[in-house]
Amino acid sequence: MKILKGSIEKLMLLILVVLFYGCHAQSDSERHARERARDRMVTEQIQWRGVTDKNVLRAMRSVPRHAFVPEPYTEYAYDDTPLPIGDGQTISQPYIVGYMTEALDLKPFDKVLEIGTGSGYQAAILAEICDSVYTIEIFESLASRAGILLDSLGYTNIRIRNGDGHQGWHEYAPFDAIIVTCAPEKIPEPLQEQLAENGRMIIPAGERSIQYLYLLVKKKGKIRERAILPVRFVPMINEEGKRY
Ligand code: SAH
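Residues numbered from 1 in each chain as written. Predicted model: local features only at pLDDT ≥ 70, side-chain atom pairs only at ≥ 80, totals over all residues. Heavy atoms only, no water.

A word on the pattern of salt bridges
Definition in use: Counted as salt bridges are all cases of a side-chain nitrogen of Lys or Arg within 4 Å of a carboxyl oxygen of Asp or Glu. Numbering of helices and strands starts at the N terminus; helices are DSSP runs of H or I of at least 4 residues and strands are runs of E of at least 2. Each residue is placed in one exposure class: buried if its accessible area under a 1.4 Å probe, protein chains only, is under 20% of its type's maximum, exposed if it is over 50%, and partly exposed if it falls in between.
A full pass over the atoms with the stated rule returns 7 salt bridges. Its salt-bridge partner being Arg-61, residue Asp-39 comes within 2.6 Å of it at the nearest N-O pair. Here Arg-61 lies in helix α2 (residues 54–62) and Asp-39 lies in helix α1 (residues 2–47), a separation of 22 residues in the sequence. By relative accessible area, Asp-39 is classed as partly exposed at 37%.

Let's talk about the site of the ligand
As a reminder of what qualifies: Being near a molecule or strand, for a residue, comes down to having at least one heavy atom within 4 Å of it. Here a polar contact means two N or O atoms within 3.5 Å. Within protein one must be a hydrogen donor candidate and the other an acceptor candidate, and residues neighboring in sequence count only if both atoms are side-chain atoms. In this description, accessible areas are obtained by the Shrake-Rupley approach with a 1.4 Å probe, and a residue is regarded as covered only by the protein chains that are shown. Gly counts as polar in this scheme, as do all residues outside two lists: the nonpolar Ala, Val, Leu, Ile, Met, Phe, Trp, Tyr, Cys and Pro, and the charged Asp, Glu, Lys and Arg.
In the neighbourhood of the ligand, 26 residues make up the surrounding shell, with Ser-119, Glu-137, Asp-164, Gly-165 and Ile-237 lying closest. Residue Glu-137 places a side-chain N or O atom 2.6 Å away from an oxygen atom belonging to the ligand. Asp-164 is positioned such that a nitrogen or oxygen atom in its side chain is 2.8 Å from a nitrogen atom of the ligand. For the ligand, the protein covers 99% of the area, taking 580 Å² as the surface of the free molecule. The leading source of residues in the shell around the ligand is strand β2 (residues 89–91), at 3 residues. In terms of residue class, the shell around the ligand is built from 12 nonpolar, 11 polar and 3 charged.

Here's the deal with the side chain of Asp-53
To keep things clear, this is the line we draw: Under the convention used here, Asp and Glu are negative, Lys and Arg are positive, and both His and the chain ends fall outside the count.
You can see Asp-53 is positioned in the loop between α1 and α2. It turns out Asp-53 is buried and unbridged, and the closest side chain with the opposite charge, Arg-58, is 7.3 Å from it. At 2.9 Å, the side chain of Asp-53 forms a polar contact with the backbone nitrogen of Asn-55.

Let's talk about helix α3 (residues 94–103)
Within α3, 9 of the 10 residues are buried, which leaves the element mostly enclosed by the surrounding structure. Along α3, the residues classified as buried are Pro-94, Tyr-95, Ile-96, Val-97, Gly-98, Tyr-99, Met-100, Thr-101 and Ala-103. Asp-105 lies just past α3 and shows a positive phi near 50°.

Comments concerning the side chain of Asp-164
Threshold: Contact criterion: two residues are considered in contact whenever any of their non-hydrogen atoms come within 4.5 Å of each other.
Its location among the elements puts Asp-164 in the loop between β5 (158–162) and β6 (175–180). In this structure, Asp-164 is buried with no salt-bridge partner, the nearest side chain bearing the opposite charge being Arg-161 at 7.0 Å. From its side chain, Asp-164 meets the backbone nitrogen of His-166 in a polar contact 2.9 Å long. Side chain to side chain, Asp-164 and Tyr-244 meet in a polar contact 2.4 Å long. Here Asp-164 is in contact with Ile-136, Ile-138, Ile-237, Asn-238, Glu-239 and Tyr-244, once residues within four sequence places are set aside.

Here it is as structure tokens:
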């Protein structure tokens, strides 16, 4: 009886060991598969389409995009497409993130403002490249989810605020760069004012069906603006849900 009990215990221990290593091997292979998918995403969707900024490519290779995409869309996180993140909002297509980030011509000591935190993915990319990131999200649910996720990933240089980003973030202005990921009809004045000398802003603007991505540069207090790409972003809205 004693011998039998001993063998059962050994067998149970063996099963536990096998299960433990099995799970580990599975999560290891999952991690490698995601790293490979991410690497391919950067090479094929971003580099091959012309993005060359080394810091942007490095950041996009290291931020785990799948962590920012909720179920049931997580498995498509590395696909060439925008995806739903809840509250009717979307995480931008990887190429658009790469393109907009490169257009900002970021330096390591830059302070950046983002309007439209959404999932927090773009904020993480910025935080990999720059000194500090300030980001505003109008939906409380998205702002708090992004905050928890970015904390869990160890980002200490991102500050999130829940509110309307149309007015910018006066307290921390001026910013070396501003990125807007929702589209107003007109480029908001306060954002232009909060741009530092030699600052860059990338922003989609226009009516629902005819939007362009604009690049603005401030030189000697004057703003130069040019449309660089036709795009389609979710609208910038106010606290009542009306579009700007
Ligand atoms: N940058 C995000 C993509 C966000 S989509 C990412 O990486 O996931 C655009 C976001 O802008 C949405 O989450 C939307 O809720 C938000 N938004 C819309 N109007 C806004 C406003 N006035 N101020 C701040 N955020 C706004």
